[in-house]
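Chain residues, written in single-letter form:
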Amino acid sequence: MEDLVNNIPKKVVYSGIQPTGIITIGNYIGAIDNWLKLQEDYNSLFSIVDLHALTVRQNPAEYRQRALSFFAQYLAAGIDPNKAIIYFQSHVKEHAELCWILNCFTYVGEMTRMTQFKDKSKKNEDNINMGLLDYPVLMAADILLYQTDLVPVGVDQKQHLEIARDIAIRFNNLYSPTFKVPEGYIPKQGAKIFSLQDPTGKMSKSDPDPNASVAIIEDPDSIMRKFKRAVTDCETTVEIREDKPGILNLLTIMSAMTGQTIESLADEYRDGGYAKFKQAVGESVVEKFRPLREEYNRLMQDKGYLMQVAKDGAEKASRIAYRTMQKVKRKIGLVELK
Ligand code: TRP
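The structure reproduced in this document is the subject of the present report. (Residues numbered from 1 in each chain as written. Predicted model: local features only at pLDDT ≥ 70, side-chain atom pairs only at ≥ 80, totals over all residues. Heavy atoms only, no water.)

### Things to note about the site of the ligand
Link 1 in the chain: The environment of the ligand is formed by Tyr14, Ser15, Gly16, Gln18, Val49, His52, Tyr135, Met139, Asp142, Ile143, Val151 and Gln157.
Link 2 in the chain: One of the side-chain nitrogen or oxygen atoms of tyrosine 135 is found 2.7 Å away from a nitrogen atom of the ligand.
Link 3 in the chain: Between the ligand and the protein, one listed contact pairs a nitrogen atom with a side-chain N or O atom of aspartate 142 at 2.6 Å.
Link 4 in the chain: In isolation the ligand exposes 370 Å². Once the protein is present, 88% of that is buried.
Link 5 in the chain: At the level of secondary structure, the elements contributing two or more residues to the shell around the ligand comprise β3 (12-17) and α6 (130-145).
Link 6 in the chain: It is α6 that provides the largest number of residues to the shell around the ligand, a total of four residues.
Link 7 in the chain: Here the residues of the shell around the ligand are counted per class, giving six nonpolar, five polar and one charged. (Near = heavy atom within 4 Å. Polar contact = N/O pair within 3.5 Å; in protein donor to acceptor, adjacent residues only side chain to side chain. Areas by Shrake-Rupley, 256 points an atom, 1.4 Å probe, with all protein chains shown as cover. Helix = DSSP H or I, 4+ residues; strand = E, 2+ residues; numbered from the N terminus. Nonpolar A, V, L, I, M, F, W, Y, C, P; charged D, E, K, R; others polar.)

### Some words on the packing of helix α8 (residues 220-228) against helix α11 (residues 274-300)
Link 1 in the chain: Closest axis-to-axis distance for the α8/α11 pair is 9 Å, and the angle between their directions is 150°. Considering their axes alone, α8 and α11 lie roughly antiparallel with respect to each other. Judged by the sense of rotation from one axis to the other, the crossing of α8 with α11 is right-handed. Every residue of α11 that contacts α8 at Pro220, Ile223, Met224, Phe227 and Lys228 is listed here: Lys278, Gln279, Val281, Gly282, Glu283, Val285, Val286 and Arg293.
Link 2 in the chain: Taken together, the residues of the contact of α8 with α11 break down into seven nonpolar, two polar and four charged. (Axes fitted to C-alpha atoms, helices over the stretch in contact; angles between N-to-C directions. Parallel < 35°, antiparallel > 145°, perpendicular 65-115°, else oblique. Left-handed = near helix turned anticlockwise from the far one by under 90°. Contact = heavy atoms within 4.5 Å.)

### A word on the environment of leucine 144
Link 1 in the chain: If you trace the backbone, leucine 144 turns up in helix α6.
Link 2 in the chain: Among the residues examined, leucine 144 registers a relative accessible area of 1% and is labelled buried.
Link 3 in the chain: Along the backbone, leucine 144 and proline 182 are 38 residues apart, and their C-alpha atoms lie at a distance of 7.7 Å.
Link 4 in the chain: Not counting residues within four places of it along the chain, the set of residues in contact with leucine 144 comprises Leu98, Leu102, Ala164, Ala168, Phe179, Lys180, Pro182 and Thr324. (Buried < 20%, exposed > 50% of the residue type's maximum accessible area, 1.4 Å probe, protein only.)

### Digging into the packing of α6 against helix α7 (residues 158-174)
Link 1 in the chain: At a closest axis distance of 9 Å, the pairing of α6 and α7 adopts a crossing angle of 65°. Taken together, the axes of α6 and α7 lie roughly perpendicular to each other. In the crossing of α6 with α7, the sense of the turn from one axis to the other is right-handed. Here Tyr135, Pro136, Met139, Ala140, Ile143 and Leu144 of α6 come into contact with α7, specifically with His160, Leu161, Ile163, Ala164, Ile167 and Ala168.
Link 2 in the chain: Residues of the contact of α6 with α7, tallied by class, amount to 11 nonpolar, one polar and no charged.

### Focus: the packing of aromatic side chains
Link 1 in the chain: Summed over all chains, the structure comprises 11 aromatic pairs.
Link 2 in the chain: Centre to centre, the rings of tyrosine 14 and tyrosine 146 are 5.4 Å apart; their planes meet at 20°, and the pair counts as stacked. On the criterion of sequence distance, the pair formed by tyrosine 14 in strand β3 and tyrosine 146 in the loop between α6 and β6 (150-152) is long-range, its members being 132 residues apart. Considered together, tyrosine 14 and tyrosine 146 belong to a single accessibility category, that of buried residues.
Link 3 in the chain: What links up through ring pairs into an aromatic cluster is the set Phe105, Phe171, Tyr175 and Phe179.
Link 4 in the chain: One Lys or Arg, lysine 120, reaches over the ring of tyrosine 135 and ends 4.5 Å from the middle of that ring. (Phe/Tyr/Trp six-rings, centres within 6.5 Å; stacked < 30°, edge-to-face > 60°. Lys NZ or Arg CZ within 6 Å of the ring centre and 35° of its normal.)

### Considering empty space enclosed by the protein
Link 1 in the chain: Across all of its chains, the model carries one cavity of 30 Å³ or more by this definition.
Link 2 in the chain: Looking at the largest cavity, its volume works out to about 50 Å³.
Link 3 in the chain: Residue lining of the largest cavity: Met114, Gln116, Phe117, Lys120, Leu132, Tyr135, Pro136 and His160, and that is the complete set.
Link 4 in the chain: Of all the secondary structure elements, the ones that give two or more residues to the lining of the largest cavity are α5 (115-123) and α6.
Link 5 in the chain: Its residues assigned to classes, the lining of the largest cavity shows five nonpolar, two polar and one charged. (1 Å grid on protein atoms, 1.4 Å probe; cavity = no way out; pocket = protein on both sides within 12 Å on 5 of 7 lines; lining within 4 Å. Points joined across faces, edges and corners; volume = space filled by probe spheres on them.)

### So, the layout of surface pockets
Link 1 in the chain: Its volume calculated, the second largest pocket comes out at about 470 Å³.
Link 2 in the chain: In terms of lining residues, the second largest pocket is bounded by 20 residues, among which Val12, Asn43, Tyr146, Ile320 and Arg323 are the most central.
Link 3 in the chain: In terms of residue count, the dominant contributor to the lining of the second largest pocket is helix α12 (residues 303-332) (six residues).
Link 4 in the chain: Its residues assigned to classes, the lining of the second largest pocket comprises seven nonpolar, four polar and nine charged.

### Points about the nonpolar core
Link 1 in the chain: By size, the foremost hydrophobic cluster in this structure holds 61 residues, and its most contacted members are Ile25, Tyr28, Phe71, Tyr74, Phe227, Ile253 and Phe277.
Link 2 in the chain: Broken down by element, the residue count for this core peaks at 11 residues, all from α11.
Link 3 in the chain: Of all hydrophobic cores here, the second largest spans 40 residues; its members include Ile85, Phe105, Leu144 and Met325. (Core = buried A, V, L, I, M, F, W, Y, C linked by side-chain atoms within 4.5 Å.)

### Looking at helix α2 (residues 60-77)
Link 1 in the chain: With 18 residues, α2 extends 26 Å from end C-alpha to end C-alpha; this agrees with the ideal 26 Å at 1.5 Å per step.
Link 2 in the chain: Of all the residues in α2, the buried ones are Tyr63, Ala67, Leu68, Ser69, Phe70, Phe71, Ala72, Gln73, Tyr74, Leu75, Ala76 and Ala77.
Link 3 in the chain: The N-cap residue of α2 is asparagine 59: its side-chain oxygen and the backbone nitrogen of alanine 61 are 3.0 Å apart.
Link 4 in the chain: Just downstream of α2 lies glycine 78, where phi reads positive at about 120°. (Expected span 1.5 Å × (residues − 1).)

Below you can see the structure in the form of structure tokens.
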């Protein structure tokens, strides 16, 4: 996969997503939409990080179903297995293997200082397991295995990326250059989408309030209901103002769905009343995701195809990961079986 015009190898982009909660229209607008562009220009790897999500208790049957569903949703969204490597983290054993080795180059103090560890420990007081503490090292392994150049991350993952860089630099200094030191990639496009019930907070894939977020595969009736109920304000004019976060959020969503600017949408719906506006926003979401939902339903009926794509993805990923592991093992002095 070379850039044939300039004859330079393409940069590697890596991203992982935990198969928990639901994939929301916020995830789509803020991240997936951007991945679709990345796969055109980079060597991209997209991973369902099913080992990471084991740090909290999962119901096995539900978990298996959800992981598969996430995989199908990415494909339905347009991640193209001919352009990007899409796979399940647990299918490539090198992730766990490199994680162990990197553990020996990571200090406990670095891990206990992590903001997300502290937050999650508070939320799961009865299950502060080693995996929770080790989560950033597994993420570092994900990234470093593929000699990743760029990691598209939101602000909440910046600290984890920073530690991945620290570990890579530490290892490279102790031995010799082994890992590419990855950079964060802040996407140019991709608006931030807020909760439909509290437009000052982010639309979260694990919000306990089902009315706060909308899934990309949600059925049209349910989508319409949620937009009708969306929290706005007690005025009546659709306009772009900072003190109208609910309206601004709906405008942002509709703009992402239709490609129209928020200004032109505000003009168009200005005096028609909120009910009519919300109806239009809902319809734009229904229409945008209709083909995706249909493709998703079709894919979920075709497990054979899904598993074939998963297998191909894992094989491609394994080949790259294996090479990095060989290098690592040699450098640290493990005996090679020849
Ligand atoms: N920790 C990331 C999150 O919760 C998911 C993740 C795991 C990831 N491994 C990764 C993201 C590697 C980017 C690269 O969002």
